[in-house]
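# Residue-level structural notes
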Amino acid sequence: MSGQEAWMQTLQDMGFPPNRSKRALKATDFKGVEPAMEWLLANADNPSLDDPVSEDEEIPVTVTEDDKPPEEPKKPLTEEERRERLEKLEELRKVKRAEREEREKKEALEKEKKRIEDGKGMTEIRQKVEEQEIKKMAELKRREKQEEREAKARVLRQIEEDKIARRQKFNMKSPDGGSAATAGPSSTPAAAAQSASPSAPPAAKKDYTETRIQIRQTNGQPIIQTFGVKEQLAAVRLYAQMNRTDGQSAPFNFMTNFPKKVFTDEDYENSLENLGLVPSAVLMMTK
């Protein structure tokens, strides 16, 4: 009997099935009964060890000097010795299982700690990102309000300048009863005296090549663009359709508040100059 066969017999005498014994010896590189026994105890709960042994798992038959049978045959274990050894193996198996369960419990605890720490880290990162987004949105809203205030101020200035330009163009009186020359912000006493004189010539008519159009969308947001005075009102409507930001897509028309007028289909074929939308005008979108 070779040494490997003797080890197999010893493991079987201890109560381990042949298939488990073969796999244990091969898994421990045939280092002896003790390593194989520890391996069997560590893998006692693996039911696949009882499956039939394949050819690759068969123990190779090798004959070495150490494998030669002893001169005296090995005395078989008595029933009492076998029982004592099995009791020791059972105690060792319980110890190994307790150690494995303790190790698995520690590993599970470490994994849970790591998961909690990772979760805290992700929560902090998410909070920082949300805070940054809130700051960005607040800054964006502040800028939008500032731009809207500036746009309103520019529109008011432009409207006032348009009124003055129209009064000068048609030699109309200002609301306070003065002439067009006295209504301008840059008028002087000399200019007022000159305009009051009956022999003073009317203000020269200015030829405009461009007009500044402000389009008020349905949500109140403005679209401001400069057009040629010879362009048709239809070109302004097409530009508004392509650049509107109020989220609407329905057809619309234009109207003015001062004076109040809703443009007809014929007006869209007319030029901005002929419609009196020079040098600037405010158009409102309407259904």
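Description of the structure in this document.

## Thoughts on the overall build of the protein
Along the backbone of the protein there are seven helices and five strands. Along the protein, from the amino end to the carboxyl end, the secondary structure elements read α-α-α-α-α-α-β-β-α-β-β-β. Residue pairs at least 24 apart in sequence account for 58% of intrachain contacts in the protein once pairs closer than 6 positions are excluded. Accessible surface for the protein amounts to roughly 20700 Å². Of this, 52% is attributable to carbon and sulfur atoms.

## Section: the pattern of salt bridges
Applying the stated criterion to the full structure yields 11 salt bridges. R115 is paired through a salt bridge with E112; the nearest N and O atoms lie 2.5 Å apart. Here R115 pairs with E112, and both are found in helix α4 (residues 79-169), just three residues apart, close to one helical turn. Of the residues examined, E112 reaches a relative accessible area of 34% and is grouped as partly exposed.

## What to know about the pairing of strand β2 (residues 222-228)
Here strand β1 (residues 210-216) pairs with β2 via seven bridges, running antiparallel. Within β2, the residue paired with I215 across the bridge is I223. Linkage of β1 to β2, two consecutive antiparallel strands, is achieved through a turn of five residues, within which G220 is found at a positive phi near 90°.

## Let's talk about a nonpolar patch on the surface
A grouping of M122, I125 and V129 is seen on the molecular surface, where their side chains present a nonpolar patch of about 270 Å² in accessible area. Following the sequence through the fold, M122 ends up in helix α4.

## Let's talk about α4
The first and last C-alpha atoms of α4 sit 129 Å apart over 91 residues, in line with the 135 Å expected at 1.5 Å per residue. Regarding α4, the residues found buried are L89, R93, R100, A151, V155, Q158, D162, I164, A165 and R167. One or two positions beyond α4, positive phi appears at N171, with a value near 55°.

## Observations regarding the nonpolar core
Judged by nonpolar contacts, the single largest core of 17 residues is most densely connected at L233, V236, F254 and L277. Grouped together as the second largest cluster of nonpolar side chains are 13 residues, M8, A24, A36 and L41 included.

## Examining helix α7 (residues 233-243)
Turning to α7, its buried residues number three or more, namely L233, V236 and A240. Taken end-on, α7 shows its buried residues confined to a sector of 55°, consistent with a single buried face. Residues of α7 that are buried sit in contact with β1, β2, β3 (253-257) and β5 (280-286).

## Let's talk about unusual backbone geometry
The bulk of non-glycine residues show a negative phi, and the bulk of peptide bonds are trans. A cis amide bond, omega -5°, links F258 with the succeeding residue P259. V278 connects to P279 through a cis peptide bond whose omega is 5°. If you trace the backbone, P279 turns up in the loop between β4 (260-262) and β5. The phi angle at D29 is positive, at roughly 60°, despite the residue not being glycine. Along the chain, D29 falls in the loop between α2 (18-27) and α3 (33-42). Classification of D29 by relative accessible area gives exposed; the value is 54%.

What counts, and at which threshold
Residues numbered from 1 in each chain as written. Predicted model: local features only at pLDDT ≥ 70, side-chain atom pairs only at ≥ 80, totals over all residues. Heavy atoms only, no water. Helix = DSSP H or I, 4+ residues; strand = E, 2+ residues; numbered from the N terminus. Contact = heavy atoms within 4.5 Å. Areas by Shrake-Rupley, 256 points an atom, 1.4 Å probe, with all protein chains shown as cover. Salt bridge = Lys/Arg side-chain N within 4 Å of Asp/Glu carboxyl O. Buried < 20%, exposed > 50% of the residue type's maximum accessible area, 1.4 Å probe, protein only. Pairing = 2+ DSSP bridges. Patch = residues over 30% accessible without salt bridge, like charges linked within 9 Å, V, L, I, M, F, W, Y side chains within 5 Å. Expected span 1.5 Å × (residues − 1). Core = buried A, V, L, I, M, F, W, Y, C linked by side-chain atoms within 4.5 Å. Arc of directions from axis to C-beta.

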